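Structural overview
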Amino acid sequence: MSRFWKPGAEKPRIEDDEEGGVLFYASSSSASSGYGYANIEAQRRRLPVYKYRTAILYLVETHATTIIVGETGSGKTTQIPQYLKEAGWADGGRVIACTQPRRLAVQSVASRVSEEMGVKLGDEVGYTIRFEDISNKELTRIKFLTDGVLLREMMDDPLLSKYSVIMVDEAHERSLSTDILLGLLKKIQRRRPELRLIISSATIEAQSMASFFNISHRRHQGAEEADHGPKKDPAILSVEGRGYNVEIFYVEEPISDYVQAAVSTVISIHDEEPNGDILVFLTGQDDIDAAIQLLTEDSHNRKKGLLVLPLYSGLPRADQDLVFSPTPRGKRKVVISTNIAETSLTLEGVVYVVDSGFSKQRFYNPMTDIESLIVAPISKASARQRTGRAGRVRPGKCYRLYTEEYFLNEMPANGIPEMQRSNLVSCVIQLKALGIDNILGFDWPAAPTPQALIRALEVLYCLGVLDDDAKLTSPTGFQVAEIPLDPMISKMILASNDYGCTEEVITIAAVLSIQSIWFSGWGAQKELDEAKLKYAAAEGDHITFLNVYKGFMESGKSSNWCHKNHVNFHAMKKVDEIRKQLRRIVQRLGIPIKSCEGDVQAIRKAVTAGFFANACLLEPFSHNGLYKTIRGSQEVYIHPSSVLFRVNPKAVVFHSIVSTDRQYMRNVMAIDPSWLTEVAPQFYQQKLPNPRPS
């Protein structure tokens, strides 16, 4: 077995560095571990994190919180949980948790670690993401999960008592769930001094994270307390990456179309540069599909061996695996990705990076109550992360599709934490369900705006989730908190009980939980529109989803049927799985599963009961389909992907907004405005305007 530091053994030599962190001089490496996987073991030892193994275990033993700053690719995510297990942190039935902000990262890291340990995924090493639990209560000792799933586990076990060490990975992404989790873990630590936290990230502001977790200066430590248990002040350890030099190129003039520019750059790299894979950063599935289409049409390059692959979070597992598999001989792999490949995942073989300078980010305006997904410029920290992807296997090149002047003078240094730019409805209900009532006084790593919190409390009050004292209502509030979906979708499911259409509404909820059930394919927009028409319902997208699901089930869940109808087979299988889980949750809550036998009005009223806050009226005499939200009078339009595009009913509710040149409503359903005062009298106190004929 490899050597590692244990209390009582000779301690590694330590010196403070100028930054207040701790530098370790690792003792020389040990003899081979007894896995019998010589090759994997050799690979593990080559990772930069390996020489810090002793140091990491020493710090975890002696400090309540350890902050590890390490480049992506240093091996921290896959190795540290294994080091902890080897050092005995999973003995006696205890579990080591490692959280990730993204589901795709959870799955790929868990399967890598189980492979390295030579165990079956789901036994000793397992993972849990929303609607998918590949772990075993009795056997699993290292568990990978999303931040959100660990938050939900707190509802049953507020002190997370089965975990001995919790590693929060990629904390610099500052997702909503990560920030809530950090605030709650800090509270749990006071009650469970034996719990160890590891906060790990690539470019985290280590000092600010250390001062957030430093509770030693909050109250005077008595001599006894100092002698017992770990030190309260966090330790900081820097693990260098294994990076090679990366040359950076900028464009001379700002560009107008970054998708086209990215494609041209890929083609010139392929024509002029030696072999090596290319990683392209674009903003979302639409951009990625467009880029793949342009590269595929370029048949001249296809013959020359470009293997073009997409990478985004909604991608089916089989397609994800293609991205991670080695590049076939004589081919050059081009991975076109969202910012998921910026930190969460390591792609071996990448030598060239093309950085569009943009990513899709969520922005919420509490004044208008509109949360939009906006294509926004990235920060300098993100740009550096993207560049670092190119220098993993040998010196690389990064092509930035923006000017050097823009990078130096205009690009923000860091991104804004999601907590400060999101709708906080889900966040507030989670904290309330965990018994935290003073939300304004909660200890946040980055405090949200009071306006956003007040707006969230207002919506939850109108949903019937909170009472006049801002406490969870019984049973509605507790039931909504129990369903692992957006509170508006959860409320829609509960309301379906009143309208006798639970069966139909859980199908709609399952479809709304995934990115899209349609398969656009390249250059097949016309065929997709025709396929949609077959199932389109005059009432809108939600009812259309029911028609598609019915067709899928009647076909015997046939992939052939999906192909013919431009429906994404993997997405429909996922919808079916999620639907089964939601059915079980609803039954556990004691709600009978009923079908309305085709009463479409009942379904529409149930949807309205969840989404009344997202209601809009068509502007009188509008010729271009302009709607205004009833609350806030924001101008919005129906998204071209909706079956109601150009139909323009008088009043609609929508599921989400996406912003490009306009604010577009996605997943839209026609409603009768009079239902709004019926389902949400507190929200719509004044009489609604009567829409005039347009």
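Before reading further, recall that the structure is shown in the block above.
A short tour of the structure in this document, coming up. (Residues numbered from 1 in each chain as written. Predicted model: local features only at pLDDT ≥ 70, side-chain atom pairs only at ≥ 80, totals over all residues. Heavy atoms only, no water.)

Below, the discussion takes up unusual backbone geometry. Cis geometry marks the peptide bond from serine 474 to proline 475, where omega comes out at 5°. Note on placement: proline 475 falls in the loop between α17 (450-462) and α18 (476-482). Notably, alanine 470 is not glycine yet its phi reads approximately 60°, a positive angle. Tracing the chain through its elements places alanine 470 in the loop between α17 and α18. Its relative accessible area of 25% is what places alanine 470 among the partly exposed residues. (Helix = DSSP H or I, 4+ residues; strand = E, 2+ residues; numbered from the N terminus. Buried < 20%, exposed > 50% of the residue type's maximum accessible area, 1.4 Å probe, protein only.)

Moving on to the nonpolar core. Among the nonpolar cores identified, the biggest contains 116 residues, and Ile166, Leu582 and Phe612 are the most heavily contacted of them. Aside from chain neighbours lying at most four places away, what touches isoleucine 166 is Ala97, Leu150, Leu160, Leu185, Leu195, Arg196, Leu197 and Ile198. (Core = buried A, V, L, I, M, F, W, Y, C linked by side-chain atoms within 4.5 Å. Contact = heavy atoms within 4.5 Å.)

This part takes up helix α25 (residues 600-611). Its 12 residues place the ends of α25 16 Å apart at the C-alpha level, agreeing with the 16 Å of an ideal helix rising 1.5 Å per residue. With 10 of its 12 residues buried, α25 lies for the most part within the structure. For α25, the set of buried residues is Ala602, Ile603, Arg604, Lys605, Ala606, Val607, Thr608, Ala609, Gly610 and Phe611. Regarding α25, its N-cap is aspartate 599, as a side-chain oxygen of that residue lies 3.2 Å from the backbone nitrogen of glutamine 601 further along. (Expected span 1.5 Å × (residues − 1). Polar contact = N/O pair within 3.5 Å; in protein donor to acceptor, adjacent residues only side chain to side chain.)

So, on to the sheet that holds strand β6 (residues 132-134). Spatial strand order, β6-β5-β7-β4-β8-β9-β3-β10: 8 strands in an open sheet with mixed pairing. Each end of this open sheet is capped by a strand with a single partner; those strands are β6 and β10 (235-239). Taken pair by pair, the neighbouring strands of this sheet meet at an average axis angle of 20°, ignoring direction. Across 5 bridges, strand β3 (residues 65-70) lies against strand β9 (residues 196-201) in parallel orientation. Opposite threonine 66, over in β9, you have isoleucine 198 as the bridge partner. (Pairing = 2+ DSSP bridges. Axes fitted to C-alpha atoms, helices over the stretch in contact; angles between N-to-C directions.)

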